Amino acid sequence: ASDVYKRQVSILVDSKDFNNSLKTEAGSNVIINLNIDDSKKLTTLPREIQRHPYKDEILHVDFVQIDLTKKVTVDVSVEFLGVPIGVKEEGGVVQTVQGFVSISAIATEIPTSLQLDISEMEVGDVKTVKDVELPENVEPTIRGRDFVIATVAAPTVIKLSLIHISEPTRLG
């Protein structure tokens, strides 16, 4: 199942209603039913949301028509659980390499987020896509390769050296 544009239709949507729909638990993976010309109802997912650079406004949205019986590909954010041992005891820092996982699922089964327990991580440990527990009927879209989601890096130590500066000497 691929998100391929078969035909494009320009429509206007109420920006307040659309913004409110994005504030639901589903976020940008919310299923939206669009009524076109009062005669056709399309089941869609919003994609390619373009926002104004400094105003709280949405300028453009591409909606992709979906079939509720077929899988779609979406990005789902990863929620990190716990504070790593490497942060608490070793002074390390959590580095998020990729905060989402691309998944394939039927639209009604898209999780709102995915959880990854990082509490046992020590400095130098890495968590990858394979460490993220996916719900039933949800698959990662990329197979054969494993992407890093987070790592615990060692703290950066900066050594300062004191340099003795003598009084300037006048020449001439």
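We now examine the pattern of salt bridges. Per the counting criterion, the structure on display carries one salt bridge. When the shortest N-O distance is used, the salt bridge between Lys-71 and Glu-139 registers 3.7 Å. One end of the pair, Lys-71, is in strand β4 (residues 71-81); the other, Glu-139, is in strand β9 (residues 139-140), with 68 residues separating them in the sequence. For Glu-139, a relative accessible area of 32% translates into the label partly exposed.

Moving on, we get to helix α1 (residues 15-22). Taken as a whole, α1 has its buried residues at Phe-18, Asn-19, Ser-21 and Leu-22. One side of α1 carries all its buried residues, which in axial view fall inside an arc of 160°. Opposite the packed face of α1, turned more than 90 degrees from it, sit the exposed residues Lys-16 and Asp-17. Contact partners of the buried residues in α1: β1 (32-36), β2 (40-51) and β3 (58-65). One side-chain oxygen at the N-terminal end of α1 lies 3.0 Å from the backbone nitrogen of Lys-16; it belongs to Asp-14.

For the rest of this paragraph, the subject is the sheet that holds strand β10 (residues 148-153). The three strands lie next to each other as β5-β10-β8, forming an open sheet whose pairing is antiparallel. Every interior strand has two partners, whereas the edge strands, β5 (93-96) and β8 (126-128), have only one. When the angles between neighbouring strand axes are averaged without regard to direction, this sheet yields 15°. Pairing of β8 with β10 involves three bridges; the strand directions are antiparallel. Looking at the pairing, Thr-128 lines up with Val-148 of β10.

Attention shifts here to unusual backbone geometry. Unlike most non-glycine residues, Glu-48 shows phi in positive territory, near 45°. Along the chain, Glu-48 turns up in strand β2. You will see that Asn-137, though not glycine, has its phi angle at about 70°, which is positive. Take Asn-137: it is sitting in the loop between β8 and β9.

A few words now on the environment of Thr-156. As for its placement among the helices and strands, Thr-156 is situated in the segment after β10. Overall, the relative accessible area of 71% leaves Thr-156 in the exposed class. When the C-alpha positions of Thr-156 and Gly-91 are compared, they lie 9.4 Å apart, and in sequence the two are 65 residues distant.

About the criteria used
Residues numbered from 1 in each chain as written. Predicted model: local features only at pLDDT ≥ 70, side-chain atom pairs only at ≥ 80, totals over all residues. Heavy atoms only, no water. Salt bridge = Lys/Arg side-chain N within 4 Å of Asp/Glu carboxyl O. Helix = DSSP H or I, 4+ residues; strand = E, 2+ residues; numbered from the N terminus. Buried < 20%, exposed > 50% of the residue type's maximum accessible area, 1.4 Å probe, protein only. Arc of directions from axis to C-beta. Contact = heavy atoms within 4.5 Å. Polar contact = N/O pair within 3.5 Å; in protein donor to acceptor, adjacent residues only side chain to side chain. Pairing = 2+ DSSP bridges. Axes fitted to C-alpha atoms, helices over the stretch in contact; angles between N-to-C directions.

From the geometry alone we can't say anything about function, so treat these as descriptive.
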